Amino acid sequence: MANDNNKFQAIISHCKEYGFIFPSSEIYDGLSAVYDYGQYGSELKKNIRDYWWKWMTQLHENIVGIDAAIFMHPTTWKASGHVDNFSDPMIDNKDSKKRYRVDHLIEAHADALPKEQGEALLAEMDQLLAKEDFAGLKTLIENNKIKCSVSGTCNWTDVRQFNLMFATEFGAVSGEGDDNMVYLRPETAQGIFVNFLNVQKTGRMKIPFGIAQVGKAFRNEIVARQFIFRMREFEQMEMQFFIRPGTQKEWYEYWKEERMKWHLSLGIPADRYRFHDHVKLAHYADAACDIEYDFPIGFKEVEGIHSRTDFDLRNHQEYSKKKMQYFDNDPGPDGKPYGNYIPYVIETSIGLDRTVMMVLSEAYEEQDLSTAEKADSRVVLKFPPKLSPVKLAILPLMKKDGLPEIARDLMNECKASFRCFYEEKDTIGKRYRRQDAIGTPFCVTIDHQTKEDGTVTIRHRDSMVQQRILLKDVKEMVEKAIQE
Ligand code: GAP
């Protein structure tokens, strides 16, 4: 098995070779930190998106979904704090001109130190970040003799803030100043906040309730060279849960546990995850943590859970001059209704692309299948069947003797219910290996015996076990497996 960094590189190559993920506009040498999903990647991504959507909006009866526009009124981003606060401290090396995110630069240095020393450095960094002490951060970098990986020197500029939002002009006329300026949304959450009243009133929603959304978000990331882990255009799956003020601690705990259940339901073992509580809180939060997954590049954030107080709704009320209040008819401790208030919010925010990366990392396996007689190996993607891009490969053993006709009938029977793949070319062994490489859980082979007794061979991806079952039972067997 490859070591971890090699595994990461191997996954990237595999994704390209088998139609999962390509660099965007590759014929023009690609666009940094932007990627396109191919025929199997887009299926995998859609299956993850659908699974999240169903789990959040169908299984939780008090959560509904929306689909807000990417373009939003520019004032949205003033109210949300993104114009003033959505920036990262950066530092440039004067010799190489390379720009670094300060926290990433220090973290990389800390990783190479003995454990205790590294942790002490990170603790010091966290304190300086929390105080926004930029001069202190520069001194920390210099005192620790942290060097630029390109120039190898310690010749640093001051630490500066750099806004991560992409701005563009709106409408036909350009050059009319800030009035025409819109931003590509850096998070989907604000589309939910500005629709809070619309959904609450038209859906007659009663607190506590949630609004979920999946969609594109855009950030001008500075350090963006970790494949689909950190992209400039990516997809988020977010949910804002509106609650009574004062209940945020219990709901925050509830959603931490609930979201972890979702992660475990992907079949990923608990020891591959951990919670990371934030010391430095985002401008909107009174508590926050990440769910981290053990990627081949180490434990990294895949999802954030944030107690956002009433920060967003209160600010939208102030900037829009529209009341963002909810009337709570339930009796309070004194027996009278709670009355009007601006709800508090617990947010769950997971990156779809990062989840794709997580599912790929967990599924990817290189296996040595050599025997005394011959060398052999395979790459297999052990996706949970519900997430696999293709559920069933239908393979007639030969292109004659009526076998393709039987296979085609099975294809027609199954293809409306789940994604199937039909293939006649090459030896059956080669066809199996290609399906292993894209993570198809079942292959069914139609052979001459099928014509005699109506049975087929089902081959299981993970165990490679082959079993004889009735052709008429194939559809039901696959349907059952993909529901688990
Ligand atoms: N609304 C809150 C919010 O956006 P965040 O922690 O900045 O919080 C949430 O982002 C999730 O979005 C992250 O946990 C990560 O999975 C994903 N994400 C953030 N930036 C990303 C990027 N540049 N590329 C890919 N995914 C990203």
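Sequence order as written defines the numbering, with residues in each chain counted from 1. Since the coordinates come from a predicted model, pLDDT governs what is reported: local features require at least 70, and pairs of side-chain atoms require 80 or more to be given and counted, while whole-chain, interface and lining totals use all residues. Hydrogens are left out, water is left out, and the side-chain values use all remaining heavy atoms of the structure.

- The name an unreviewed UniProt entry gives the protein chain is Glycine--tRNA ligase, with Flavihumibacter stibioxidans as the organism.
- UniProt positions are given in the numbering used here, feature names are shortened, and annotations may be inferred rather than shown by experiment. The heading Subunit (unreviewed entry) in the UniProt record of the protein chain holds the text "Homodimer."
- Database annotation for the protein chain, UniProt heading Catalytic activity (unreviewed entry): "tRNA(Gly) + glycine + ATP = glycyl-tRNA(Gly) + AMP + diphosphate".

**Some remarks on the domain arrangement of the protein chain**
Piece 1. As annotated, the domain borders come from an automatic or database domain assignment. In terms of domains, the protein chain is made up of domain 1 (5–76 + 185–361), domain 2 (89–162) and domain 3 (388–483).
Piece 2. On a C-alpha basis, the centres of domain 2 and domain 3 stand 55 Å from each other.

**Structural notes on the side chain of Arg-461**
Piece 1. Within the secondary structure, Arg-461 is located in the loop between strand E22 (455–460) and strand E23 (466–470).
Piece 2. Excluding its chain neighbours within four sequence positions, the residues that come into contact with Arg-461 are Arg-378, Val-380, Leu-381, Lys-382, Phe-383, Ser-388, Asp-436, Gly-439, Thr-440 and Pro-441. Think of it this way: any DSSP run of H or I at least four residues long counts as a helix, any run of E at least two long counts as a strand, and we number them from the N terminus. Note on contacts: a residue pair qualifies if any of its non-hydrogen atoms lie within 4.5 Å across the two residues.

**Some thoughts on the UniProt feature "binding site: substrate" (unreviewed entry) in the protein chain**
Piece 1. Following the UniProt record, one finds the feature "binding site: substrate" (unreviewed entry) at Arg-101, Glu-187, Phe-234, Glu-235, Gln-236, Met-237, Glu-238, Glu-347, Thr-348, Ser-349, Ile-350 and Gly-351. Across 251 residues of sequence, these annotated residues are also dispersed in space, with a maximum C-alpha separation of 25.5 Å.
Piece 2. Relative to the helices and strands, Glu-187 is located in the loop between strand E8 (181–184) and helix H8 (189–193).
Piece 3. By secondary structure assignment, the location of Ser-349 is in strand E16 (residues 344–351).
Piece 4. Apart from residues no more than four positions distant in its own chain, Ser-349 is found in contact with Gln-236, Met-237, Glu-238, Val-302, Glu-303 and Gly-304.
Piece 5. Pairs of N or O atoms within 3.5 Å make up the polar contacts considered here, provided that, within protein, one atom can donate a hydrogen while the other can accept it, and that residues adjacent in sequence are counted only when both atoms are side-chain atoms. Side chain to side chain, Ser-349 and Glu-238 meet in a polar contact 2.5 Å long.

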